[in-house]
Amino acid sequence: MENKMPDLNLNLKLHDENVHGYLSLLRNLLLASFMLLLFSDIFCGCVIRYKLVKPEIISWSPRIIVFHNVLCIELKYLRSDQLVEYVSSGMVLGLGTGSTAAFVVYKIGQLLASGQLTNIIGVPTSKRTQEQAAALGITLSILGDHPKLDLAIDGANEVDPNLNLVKGRGGALLREKMVEAASNKCVVVVDDSKLVIGLGGSGLAMPVQVVQFCWK
Ligand SMILES: O=C[C@H](O)[C@H](O)[C@H](O)COP(=O)(O)O
């Protein structure tokens with residue numbers, strides 16, 4: 001990862017008697033920036049090191065992590081060229097829910113329209129995604145007809161240093177887990193705003209869904 005020192009554009013008027021104070025302020029600011037960069041790097045390192053199933057890091061900025069056979073990834077700003085590394089013609093794809101997944105679905109629609117992808121079947125994880133995908137002309141199916149998926153792509157709400165995820169704040173809790181569990185590979189794309197020290201660390205509500213289905 002490339003670390004760049006932020007530009008410190010300080011317009012300080014130095015008076016003789018204040019020179020020492022200003023210089024020490026500047027030194028402290030530089031030190032604080034350096035420590036921040038250092039610790040953010042250590043945190044990123046933890047994300048890679050502690051994973052039991054080795055994740056594949058596609059890119060650090062935006063942060064895109066691929067877990068194999070583990071519940072998923074998030075791809076908010078995944079570029080088309082990154083997307084096509086994972087999605088190929090003829091695949092049955094799990095289409096996630098949320099702002100990140102919506103971006104991916106849009107990109108898949110674009111790639112289909114331009115002919116770069118063909119013969120894709122999407123299994124949406126929510127009605128919202130189903131409507132978006134249908135509007136983009138993506139052929140859709142359900143798990144009953146396609147119980148084995150090649151790849152699912154989704155977002156997440158939180159990622160801890162062990163790469164455990166909180167998902168479902170977009171309301172697709174059950175469907176997304178069923179679709180992602182049926183997928184050979186799952187891609188979750190998350191940016192830094194989703195990284196937490198421990199699950200629940202964002203302080204936002206923890207999604208819980210109670211379903212009657214199969215309760216006995
Ligand atoms: O239920 C929704 C899904 O779990 C989403 O992947 C999650 O809420 C993240 O959504 P967003 O990409 O909008 O941050």
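Up top you'll find the structure we're talking about.
Since the model is a prediction, treat every value here as computed from it, not as a measurement.

What counts and what doesn't
- Residues numbered from 1 in each chain as written.
- Predicted model: local features only at pLDDT ≥ 70, side-chain atom pairs only at ≥ 80, totals over all residues.
- Heavy atoms only, no water.
- Helix = DSSP H or I, 4+ residues; strand = E, 2+ residues; numbered from the N terminus.
- Buried < 20%, exposed > 50% of the residue type's maximum accessible area, 1.4 Å probe, protein only.
- Contact = heavy atoms within 4.5 Å.
- Areas by Shrake-Rupley, 256 points an atom, 1.4 Å probe, with all protein chains shown as cover.
- Near = heavy atom within 4 Å.
- Polar contact = N/O pair within 3.5 Å; in protein donor to acceptor, adjacent residues only side chain to side chain.
- Nonpolar A, V, L, I, M, F, W, Y, C, P; charged D, E, K, R; others polar.
- Salt bridge = Lys/Arg side-chain N within 4 Å of Asp/Glu carboxyl O.
- Arc of directions from axis to C-beta.
- Core = buried A, V, L, I, M, F, W, Y, C linked by side-chain atoms within 4.5 Å.
- Pairing = 2+ DSSP bridges.
- Right-handed = clockwise from strand over helix to strand, strands pointing away.
- Patch = residues over 30% accessible without salt bridge, like charges linked within 9 Å, V, L, I, M, F, W, Y side chains within 5 Å.
- Axes fitted to C-alpha atoms, helices over the stretch in contact; angles between N-to-C directions.
- Parallel < 35°, antiparallel > 145°, perpendicular 65-115°, else oblique.
- Left-handed = near helix turned anticlockwise from the far one by under 90°.

### Describing the overall build of the chain
A tally of regular secondary structure across the chain gives five helices and nine strands. Walking the chain from its N terminus toward its C terminus, one meets helices and strands in the order α-β-β-α-β-α-β-α-β-β-β-β-α-β. Per-residue burial for the chain yields a buried fraction of 39% across its 216 residues. For the chain, the proportion of contacts with a sequence separation of at least 24, taken over those separated by at least 6, is 73%. When the accessible surface of the chain is split by element, carbon and sulfur atoms take 58% of a total near 12400 Å².

### Side note on the site of the ligand
Neighbouring the ligand are 17 residues; Ser99, Thr100, Gly168, Glu176 and Lys194 lie closest to it. One of the side-chain nitrogen or oxygen atoms of Lys167 is found 3.2 Å away from an oxygen atom of the ligand. At 2.8 Å, a side-chain N or O of Lys194 approaches an oxygen atom of the ligand. For the shell around the ligand, the per-class residue count stands at two nonpolar, nine polar and six charged.

### Some remarks on the pattern of salt bridges
Under the defined criterion, the tally for this structure stands at five salt bridges. Across the salt bridge formed by Asp154 and Lys167, the nearest N and O atoms sit 3.0 Å from each other. One end of the pair, Asp154, is in strand 6 (residues 149–154); the other, Lys167, is in the loop between strand 8 (165–166) and helix 5 (173–181), and 13 residues separate them in sequence. This pair shows no difference in class: Asp154 is buried, exactly as Lys167 is. In this structure, Glu176 engages Lys167 in a salt bridge whose closest nitrogen and oxygen atoms are separated by 3.4 Å. Just as Glu176 is buried, Lys167 falls in that class too. Linked by salt bridges that have partners in common, Asp154, Lys167, Glu176 and Lys177 make up one network.

### A closer look at helix 5
Within the sequence span of helix 5, burial applies to Leu173, Glu176, Val179 and Glu180. Within helix 5, the buried residues cover an arc of 145° as seen down the axis, which keeps them to one side. Where helix 5 is buried, its residues touch strand 3 (92–95), strand 4 (121–124), strand 6 and strand 9 (183–189).

### Focus: the nonpolar core
Within the largest apolar cluster, 18 residues are counted, with the highest numbers of intra-cluster contacts made by Leu83, Val87, Leu93, Ile108, Ile120, Leu151 and Ile153. Examining the composition of this core, we find that four residues originate from one element, helix 3 (residues 99–113), more than from any other. Non-local contacts of Ile120, meaning those with residues more than four positions away in its chain, are made with Val87, Ser88, Ser89, Gly90, Met91, Leu93, Ile108, Leu112 and Thr139. Of all hydrophobic cores here, the second largest spans seven residues; its members include Leu163, Leu165, Val188 and Leu195.

### Some details on the pairing of strand 3
Within a regular strand, the side chains alternate between the two sheet faces. Covered by surrounding structure in strand 3 are Val92 and Gly94 together with Leu93 and Leu95, the residues of both alternating faces. Where strand 3 and strand 4 come together, four bridges link them in parallel fashion. Note that in strand 4 the partner of Leu95 across the bridge is Pro124. Read as a crossover between parallel neighbours, the route from strand 3 over helix 3 to strand 4 is right-handed. Summarising the sheet, strand 3 and strand 6 pair through three bridges and their orientation is parallel. Bridging from a neighbouring strand, Leu93 pairs with Leu151 of strand 6.

### Some remarks on a nonpolar patch on the surface
A cluster of nonpolar side chains, contributed by Leu174, Met178, Val211 and Phe213, occupies part of the molecular surface with about 380 Å² of accessible area. Secondary-structure assignment places Phe213 in the segment after strand 9.

### Structural notes on the packing of helix 3 against helix 4 (residues 127–135)
Two quantities define a packed helix pair, namely the angle between the helix axes and the distance between the axes. At a minimum axis distance of 9 Å, the contact between helix 3 and helix 4 shows a crossing angle of 20°. It follows from the interaxial angle that helix 3 and helix 4 lie roughly parallel. Crossing hand, helix 3 versus helix 4: right-handed. In this structure, helix 3 uses Ala102, Val105 and Tyr106 to contact helix 4, whose residues at the interface are Thr129, Gln132 and Ala133. Residues belonging to the contact of helix 3 with helix 4 are distributed by class as follows: four nonpolar, two polar and no charged.

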